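Notes for the structure review
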Protein chains: 2
Amino acid sequence: MTTTISILGSTGSIGCQTLEILDLTRDEWEINFLTVNTKIAELEQQIKKYHPRGVAISDTKCYLEFKRTTSFTGEILCGEEGVCAAAGDSRNVIVMSALVGFSGVMPTLAAIETGATIALANKETLVSAGDIITKAAQVKNVKILAVDSEHSAILQCLIGESSNEIEKIILTASGGPFRELPKEEFESISLAQALRHPNWSMGNKITIDSATMMNKGFEVIEAKWLFNVPIEKIEVLVHPQSIIHSMVQFQDGSIKAQLGTPDMRVPIGYALHFPHHKPMQFPRLDLAAIGQLTFSPPDYEKFPCLQLAFDAVSMGGASPAILNAANEIAVQAFLKEEIRFIDIPVIIHKCMDTIQNVSHPTLSELTTIDEVTRSTARQECLKLR
Amino acid sequence: MTTTISILGSTGSIGCQTLEILDLTRDEWEINFLTVNTKIAELEQQIKKYHPRGVAISDTKCYLEFKRTTSFTGEILCGEEGVCAAAGDSRNVIVMSALVGFSGVMPTLAAIETGATIALANKETLVSAGDIITKAAQVKNVKILAVDSEHSAILQCLIGESSNEIEKIILTASGGPFRELPKEEFESISLAQALRHPNWSMGNKITIDSATMMNKGFEVIEAKWLFNVPIEKIEVLVHPQSIIHSMVQFQDGSIKAQLGTPDMRVPIGYALHFPHHKPMQFPRLDLAAIGQLTFSPPDYEKFPCLQLAFDAVSMGGASPAILNAANEIAVQAFLKEEIRFIDIPVIIHKCMDTIQNVSHPTLSELTTIDEVTRSTARQECLKLR
């Protein structure tokens, strides 16, 4: 018996590691669709190795180039519609959603509609559209399994437990590369410094989100939706070694934690084989060798993005979507060295402050708000150049 | 609906804390028997407060004294037979077995025979007679829930998991008061020093076992029986803060841990309400305030008792019972300041070396071996005075 899987964003960091995990039990898997944005050369390599039934390429120019040059005889889909069609293919039993940013929302919804299990590595989907996504999943009785190490840890801690006995979810945070940097030096943080994450090797966008701790803010919002807990029950704890991936405290005071080396393949494998721990031979954690684990409270003054995420949840409605869209634009601008590191939260705050909120946004309202926010954020970036 | 419970060893440290937990949801419990060894004054207090149906007093002199002076109108049982009758009373739904030493074996078996759930705080029961106890429990489909913090941690980590996916059980150890003492100073360790445990407040016997790390050795053997894992899959990790109470590593490398303040009431509450975390308002763990957790490998040269425990399991049969009986006598002698701290493992080793082992001992063979070992150990103690 094989399980049919599609991977949205197959050439990204999570996509590639997903394929690596599938390789461990290759004969258990049927690979349906691989989707990419622009990396058609890498896609060709993956086609040769994994023989998917079809592919989707969201960038139209790259799609045309691929069509012209490939010898691939499977289905070739184009654009965001193509990615949605791949995600929503009725053969999918699992869909790994590893797209970056708001672009993950529509394909994830398409996958939910088919009843496929969602392995969700795209956190912006729940951040922007958590209400819509979780309601759709509930209607279709679809499992959403978060793939990042923190939510995988929480999921593992909650196996066999009653969710009404949760007292607190404790999300651990590495604190990023600037945890110990004095506040007054934040204004001179360079792009190169921000791209140097101490524990995890990830894409550029998420590495910057990690440096601003917006990444942790997103995870707070994600945790709220995934585990259906009020924001007051979610806490962030700085833990620079990233060994304890997160914890759950129960109402008797007992805390469960999940630990491991910082290796995304473990949570990916757990999501793919949920709820089983399939044998994997990656290096084991050796706590005696590590010697110590340290903890401290987060510094909301140095990392205003984290506070903005909590604020967005309290404001409700489309605020988290505004937070996310403004962050995407601000981070893009920082990656192009058009704005400073400390401008990122300023731009987001400005957007959250000025853009009209909607209390129960529809998907189309969210899309509009997403566009308005991007345009506002771009203007704010221009002002700062 | 009330649950009927008996407490074996109700005036000991665990017994008293069990009553404290029952107090939190007093109307859910019917207290059947309380049993004590000699502390009849404390028993009188407990009778006044908890109104048990009956009591058992194992010391005959104390029983007679109690009979003569008490106004208690319930059933009053005498001697080890009395304790066994209390344990084996068919009304019991849960029996908290908090006796000390080998004396816990027969009452625990009597309780298993009635089909009651066993909350087991007496580790020597499984150490000495693990094979017999676990087989009896299997036949009667009885749950044995360990009450110490380490096995409660493992139990919590295994909820909802498949035991065939366990790669390793990692028992944490505080390392006791002599963790950092140089080896050459071990021969001058005084009784007062050995009774000063850094993290837990416990009875004298278990405090000394903790100082020699025999306590951890017992827990290794107990874990083998409770979770049905081979000894090769059990590892000890020194963790002085006793915050992580133990861990389970799965075959994908993922590790689950249970954490908390060092407070026996939490594992007691978990056993009594298993598998639920009932609300308890004891102080919460604050990792940010604690700041750091440290880990190191155990030093088997400074703590030969720990090695002897692993050896006893490898030797099999009655060896763990010999280990336990010899340890009880040696610790008694040390508590009376008749032998030195470093003599404890010497006496145990001597007993394990000289007493004839039996590969699959019956309960009566175990009792004989227990007696022979005690007598041998006493002679060895005399030689060392």
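See above for the structure.
As the structure is a prediction and not an experimental result, all values here were calculated from the model.

Take the overall build of chain A next. Looking only at helices and strands, one finds 16 helices and 12 strands in chain A. Relative to the compact-globule value of 21 Å for 385 residues, chain A shows a C-alpha radius of gyration of 20 Å, a close match. Overall size of chain A, expressed as C-alpha extent along the three principal axes, is 55 × 50 × 40 Å. Looking at chain A residue by residue over its 385 residues, the buried ones come to 61%. Expressed as a percentage of contacts within chain A between residues at least 6 apart in sequence, the contacts between residues at least 24 apart total 68%. Total accessible area on chain A is roughly 15100 Å²; 50% of this is exposed by carbon and sulfur atoms. Distance from the positive charge centre (33 side chains) to the negative charge centre (45 side chains) of chain A: 4 Å.

Right, let's talk about the relation of the copies chain B and chain A for a bit. Once turned by 180 degrees and shifted 0.0 Å along the axis, chain B lies on chain A with an RMSD of 0.0 Å. Taken together, the turn and the small shift mark the pair as related by a two-fold rotation axis. For chain B, the residue whose C-alpha comes nearest the rotation axis is Gly160(B), separated from it by 2.1 Å. A shared binding surface is used by both copies, with 100% of the interface residues of chain B retained as interface residues in chain A.

Before going further, it helps to examine unusual backbone geometry. In this structure, the amide linkage connecting Phe274(A) to the following residue, Pro275(A), adopts the cis form with an omega of 0 degrees. With respect to the helices and strands, Pro275(A) occurs in the loop between helix H11 (265–273) and helix H12 (287–290). Positive phi, normally seen in glycine, also occurs at Met213(A), with a value near 65 degrees. By the secondary structure assignment, Met213(A) is in the loop between helix H9 (204–212) and helix H10 (214–227). Backbone geometry at Asn228(B) places phi at a positive 55 degrees, although glycine is not the residue there. Summarising the element assignment, Asn228(B) is placed in the loop between helix H10 (214–227) and strand E9 (234–238).

Another point: the packing of helix H14 (residues 319–335) of chain A against helix H15 (residues 343–354) of chain A. Residue and element names in this part refer to chain A. Axis separation between H14 and H15 bottoms out at 9 Å; the angle between their running directions is 145 degrees. Seen along the crossing, H14 lies across H15 with a hand that is right-handed. Of the residues in H15, those touching H14 at Ile-322, Leu-323, Ala-326, Asn-327, Ala-330, Val-331 and Phe-334 are Ile-344, Ile-347, Ile-348, Cys-351 and Met-352. The residue makeup of the contact of H14 with H15, split by class, is 11 nonpolar, 1 polar and no charged.

So, on to the side chain of Glu219(B). Locating Glu219(B) in the fold gives a position in helix H10. Excluding its chain neighbours within four sequence positions, the residues that come into contact with Glu219(B) are Lys123(B), Asp148(B), Glu150(B), His151(B) and Leu171(B).

Bringing the pairing of strand E3 (residues 54–57) of chain B into the picture now. Residue and element names in this part refer to chain B. Burial along E3 is two-sided: Gly-54 and Ala-56 facing one way and Val-55 and Ile-57 facing the other are all buried. Crossover strand E2 (residues 29–36) to E3 through helix H2 (residues 40–50) is right-handed. Pairing analysis gives 4 bridges linking E3 to strand E4 (residues 75–78), with the strands arranged parallel. Considered in E4, the bridge of Gly-54 is made with Glu-75. For the segment spanning E3, helix H3 (residues 60–69) and E4, crossover handedness is right-handed.

Pairing is mixed across the open sheet formed by 8 strands, whose spatial order is E9(A)-E8(A)-E10(A)-E11(A)-E11(B)-E10(B)-E8(B)-E9(B). In this open sheet, the two edge strands, each paired with only one partner strand, are strand E9 (234–238) of chain A together with E9 of chain B. Looking at each pair of strands side by side, their axes are set apart by 20 degrees on average, direction ignored. Sheet topology note: the strand E8 (residues 166–173) of chain B/strand E10 (residues 244–250) of chain B ladder contains 4 bridges and is antiparallel. Within E10(B), the residue paired with Ile166(B) across the bridge is Phe250(B).

Residue and element names in this part refer to chain B. Taken together, the 7 strands give an open sheet; going across it, the order is E4-E3-E2-E1-E5-E6-E7, and neighbouring strands pair in parallel fashion. Both edges of this open sheet fall to E4 and strand E7 (144–146), since each of them pairs with a single strand only. Averaged over all pairs of adjacent strands, the angle between their axes in this sheet comes to 20 degrees, without regard to strand direction. Of the strand pairs in this sheet, strand E1 (residues 3–8) and E2 are connected by 5 bridges, and their pairing is parallel. When the sheet's bridge partners are listed, Ile-7 is paired in E2 with Leu-34.

All names here are of chain B. Structurally, Thr-2 can be placed in the segment before E1. Its relative accessible area of 35% is what places Thr-2 among the partly exposed residues. A sequence separation of 74 residues divides Thr-2 from Ile-76, and the C-alpha atoms of the two residues are 23 Å apart. Dropping the residues within four chain positions of it, Thr-2 is found in contact with Asp-27, Glu-28, Trp-29 and Glu-30. Only 3.4 Å separates the side chain of Thr-2 from the side chain of Glu-30, close enough to count as a polar contact.

Rules used in this analysis
- Residues numbered from 1 in each chain as written.
- Chains lettered and ligands numbered in written order.
- Predicted model: local features only at pLDDT ≥ 70, side-chain atom pairs only at ≥ 80, totals over all residues.
- Heavy atoms only, no water.
- Helix = DSSP H or I, 4+ residues; strand = E, 2+ residues; numbered from the N terminus.
- Rg over C-alpha atoms; globule rule 2.2 N^0.38 Å.
- Buried < 20%, exposed > 50% of the residue type's maximum accessible area, 1.4 Å probe, protein only.
- Contact = heavy atoms within 4.5 Å.
- Areas by Shrake-Rupley, 256 points an atom, 1.4 Å probe, with all protein chains shown as cover.
- Lys, Arg positive; Asp, Glu negative; His and termini not counted.
- Charge placed at Lys NZ, Arg CZ, Asp CG, Glu CD.
- Least-squares fit on C-alpha atoms with pLDDT ≥ 70 in both.
- Axes fitted to C-alpha atoms, helices over the stretch in contact; angles between N-to-C directions.
- Left-handed = near helix turned anticlockwise from the far one by under 90°.
- Nonpolar A, V, L, I, M, F, W, Y, C, P; charged D, E, K, R; others polar.
- Right-handed = clockwise from strand over helix to strand, strands pointing away.
- Pairing = 2+ DSSP bridges.
- Polar contact = N/O pair within 3.5 Å; in protein donor to acceptor, adjacent residues only side chain to side chain.

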